[in-house]
Amino acid sequence: MEFKNASERYAAIGVNVEEALQRLAEVRISMHCWQGDDVRGFDAESLSGGIAATGNYPGRARNSEELMADIRKAYSLIPGKHKLNLHASYRITEEKIDRDALEPKHFAAWVDFARAEGIGLDFNPTYFSHPKAADNLTLSHPDRAIREFWIAHGKACRRIADYFGRELGITALNNVWIPDGTKDVPGDRLGSRMRLKESLDAIFAEKFDKTHMADAIEGKVFGIGVESYTVGSHEFYMNYAAKNNLMCLLDTGHYHPTEVVSDKLSAMLIFNENVALHVSRPVRWDSDHVIKLDDELKELATELVRCDALHRVFIGLDFFDASINRIAAWVVGVRNMQKALLYGLLSPNDQLRKWQEEQNFTNLLVGLEELKTLPFGEIWAEFCRRANVPEDGAWLPEVRRYEADVLAKR
């Protein structure tokens, strides 16, 4: 009865709840594997290269079997079928092999896992936590031999992502992010950016079927150890992507504190067929906190709906919190992304657009404000019930039982 009454409330403002639920069920969110083990991966002894995970909560996954089990548990508490985002450092092999020589076979176990779970896979070259990235320089390094190593890594990762897409029938996003930059003010910006351009040209020279693999590049304002200068800035990547028909990936933590990605989406979508997102929550900087259902997340998701871009945007998550239960972090994050999308789908966007075009800003303001108190929670609860996953208030005990039975024994 509560769902019926809630649906009627939304129908009164012109929103078809059943249509909203159907559209939400079709959205695949890419859940990042690295929340489960604090970005450690399986090929490095320590985390480095401007990446840091803080906290010492017990139960971190220590190998591929534990990580897969934890991911599987998280998916059991999240409505729908999604994707898993992998870094190259999560290869599964007994071979002693460096990153420049990675092959699809080193990720076959992940393809088997994805097929069994009914999910897709995305991929990222890992340009950190490696001796050849110790000085926060990779594709722009002055040493040609080091650049060639990382170029070979980038080429290998594109072939692996293409393998994912071909095997699973779901387009795999391959996203390039590098930590390159300087701690203090550089003496030469142009030279390092020219080297980065040449490296990217080499990596992207090989052409792939975009139905299997899609390329993206990701910029950043600054990072740990590169506080003064980032080679791969947003301006660099936006121009490179536009010139080379690639996707520009927007990470919600990679901007100045007063910038919001929700405002950027419509501008990007006008000039780009597709856009990619890494959704995180910065606290004063790119701190990768678990995403909350806050105003910016709702505005980000609503903008995707208003732009009719759910089929044009690759949505991935990117946070890692080692101070809380890692499975709970995944579940909170993915469910919050879904809630934000549902909030946008339950908005009377045609009416809001009409009021704006008529310059009826009073109705627009009132409509947006009254939307906030409609019975959104009951529609979300019905979405969970239909997906046979626990509603809010019921899933955390499942995580606690898993923690007692599995995580606490690690």
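Residues numbered from 1 in each chain as written. Predicted model: local features only at pLDDT ≥ 70, side-chain atom pairs only at ≥ 80, totals over all residues. Heavy atoms only, no water.

### Quick look at the overall build of the chain
From N to C terminus, the chain includes 14 helices and 10 strands. Counting only C-alpha atoms, the chain reaches 65 × 55 × 40 Å along its principal axes. The buried share of the chain, taken over its 410 residues, is 55%. Long-range pairs, those at least 24 residues apart, make up 81% of the contacts in the chain with a sequence separation of at least 6. (Helix = DSSP H or I, 4+ residues; strand = E, 2+ residues; numbered from the N terminus. Buried < 20%, exposed > 50% of the residue type's maximum accessible area, 1.4 Å probe, protein only. Contact = heavy atoms within 4.5 Å.)

### Some points on the UniProt feature "binding site: Mn(2+)" (unreviewed entry) in the chain
Following the UniProt record, one finds the feature "binding site: Mn(2+)" (unreviewed entry) at His254, Asp286 and Asp288. Across 35 residues of sequence, these annotated residues stay compact in space, with a maximum C-alpha separation of 9.8 Å. Tracing the sequence through the fold places His254 in the loop between strand 8 (247-251) and helix 8 (262-271). Excluding residues that lie within four positions of it along the chain, His254 makes contacts with Trp177, Glu218, Gly219, Lys220, Val221, His234 and Asp286. (UniProt positions renumbered as here; feature names shortened; annotations may be inferred.)

### Regarding the packing of helix 5 (residues 144-168) against helix 6 (residues 190-203)
Viewed as axis vectors pointing N to C, helix 5 and helix 6 meet at an angle of 40°, and their least axial separation amounts to 9 Å. Judged by the sense of rotation from one axis to the other, the crossing of helix 5 with helix 6 is right-handed. On the side of helix 5, the interface is formed by Arg147, Trp150, Ile151, Gly154, Lys155 and Arg158, while helix 6 contributes Arg195, Ser199, Ala202 and Ile203. Grouping the constituent residues of the contact of helix 5 with helix 6 by class yields 4 nonpolar, 2 polar and 4 charged. (Axes fitted to C-alpha atoms, helices over the stretch in contact; angles between N-to-C directions. Left-handed = near helix turned anticlockwise from the far one by under 90°. Nonpolar A, V, L, I, M, F, W, Y, C, P; charged D, E, K, R; others polar.)

### So, the environment of Thr252
Structurally, Thr252 is set in the loop between strand 8 and helix 8. Taking the C-alpha atoms as reference points, Thr252 and Glu65, separated by 187 residues in sequence, lie 31 Å from one another. Dropping the residues within four chain positions of it, Thr252 is found in contact with Val261, His278, Val279, Ser280, Pro282 and Leu300. A distance of 2.7 Å separates the side chain of Thr252 from the backbone nitrogen of Ser280, its partner in a polar contact. (Polar contact = N/O pair within 3.5 Å; in protein donor to acceptor, adjacent residues only side chain to side chain.)

### Some details on the environment of Leu250
By the secondary structure assignment, Leu250 is in strand 8. On the basis of relative accessibility, which here comes to 1%, the residue Leu250 falls in the buried class.

### Section: helix 3 (residues 64-75)
Counted at 1.5 Å a residue, the expected span for helix 3 with its 12 residues is 16 Å, and the 16 Å between its end C-alpha atoms agrees. Those residues of helix 3 that sit buried are Ser64, Glu66, Leu67, Met68, Asp70, Ile71, Lys73, Ala74 and Tyr75. The backbone nitrogen of Glu65 has a side-chain oxygen 3.2 Å away, supplied by the residue at the start of helix 3, namely Asn63. (Expected span 1.5 Å × (residues − 1).)

### Observations regarding the side chain of Asp321
Secondary-structure assignment places Asp321 in the loop between strand 10 (313-317) and helix 10 (326-345). Summary of buried charges: Asp321 has no salt-bridge partner, and the nearest side chain of opposite charge, Arg281, is 6.4 Å away. Only 2.5 Å separates the side chain of Asp321 from the side chain of Ser323, close enough to count as a polar contact. Residues in contact with Asp321, not counting those within four places in the same chain, are Gln35, Thr54, Val290 and Arg326. (Lys, Arg positive; Asp, Glu negative; His and termini not counted. Salt bridge = Lys/Arg side-chain N within 4 Å of Asp/Glu carboxyl O.)

### Some details on the nonpolar core
With 118 residues, the main nonpolar core has Ile71, Leu84, Trp110, Phe164, Met337 and Leu341 as its most contacted residues. It is helix 10 that contributes the most residues to this core, 12 residues altogether. Phe164 has contacts with Leu86, Phe107, Val111, Leu121, Asp122, Phe123, Gly169 and Ala172, leaving out every residue within four places of it along the chain. Ala214, Ala216, Leu249 and Ala276 belong to the second largest nonpolar core, which has 7 residues in total. (Core = buried A, V, L, I, M, F, W, Y, C linked by side-chain atoms within 4.5 Å.)

### So, the pairing of strand 8
For strand 8, the tally of buried residues reaches 5 of 5 residues, placing the bulk of the element in the interior. In strand 8, alternate side chains face the same way, and those of Met247, Leu249 and Asp251 on one face and Cys248 and Leu250 on the other are all buried. Across 3 bridges, the pairing between strand 6 (residues 213-218) and strand 8 is parallel. In the sheet register, Glu218 faces strand 8, and the bridge partner there is Leu249. (Pairing = 2+ DSSP bridges.)

### Describing the packing of aromatic side chains
This structure, assessed with the given rule, holds 15 aromatic pairs. For the pair Tyr343 and Phe376, a centre-to-centre distance of 6.0 Å together with 65° between the ring planes defines the contact as edge-to-face. Here the residue Tyr343 occupies a position in helix 10, and Phe376 occupies one in helix 13 (residues 376-386), the gap between them amounting to 33 residues. Tyr343 gets classed as buried once you look at its relative accessible area, which sits at 14%. Assessed through its relative accessible area of 15%, Phe376 is described here as buried. Above the plane of the ring of Phe149 lies Lys132, whose end atom (NZ or CZ) is 4.8 Å from the centre. Sitting over the ring of Tyr343, Lys298 keeps its end group 4.9 Å from the ring centre. (Phe/Tyr/Trp six-rings, centres within 6.5 Å; stacked < 30°, edge-to-face > 60°. Lys NZ or Arg CZ within 6 Å of the ring centre and 35° of its normal.)

### Here we look at the pairing of strand 4 (residues 172-176)
Of all the 5 residues making up strand 4, 5 are buried; the element is thus mostly covered by neighbouring parts of the structure. On strand 4, burial covers both faces: Ala172, Asn174 and Val176 on one face and Leu173 and Asn175 on the other are all buried. Where strand 4 meets strand 6, 5 bridges bridge the pair, whose relative direction is parallel. Residue pairing for strand 6: Leu173 is matched across the bridge by Ala214.

### Observations regarding the pattern of salt bridges
Under the criterion given, the structure shown has 35 salt bridges. As a salt-bridge pair, Arg410 and Asp70 come within 2.8 Å of each other at their nearest N and O atoms. Taken together, the residues Arg410 in the segment after helix 14 (396-405) and Asp70 in helix 3 connect sequence positions 340 residues apart. Here Arg353 ties to Asp350 by a salt bridge, and the two come within 3.0 Å at their closest N and O atoms. Note that Arg353 and Asp350 are positioned in helix 11 (residues 349-357) at a spacing of 3 residues, about one turn of the helix. Judged by its relative accessible area of 34%, Arg353 is partly exposed. In this structure Asp350 comes out as exposed when scored by relative accessible area, which is 61%. Here the residues in one salt-bridge network are Glu18, Glu378, Glu382, Arg385, Arg386 and Glu391, joined through shared partners.

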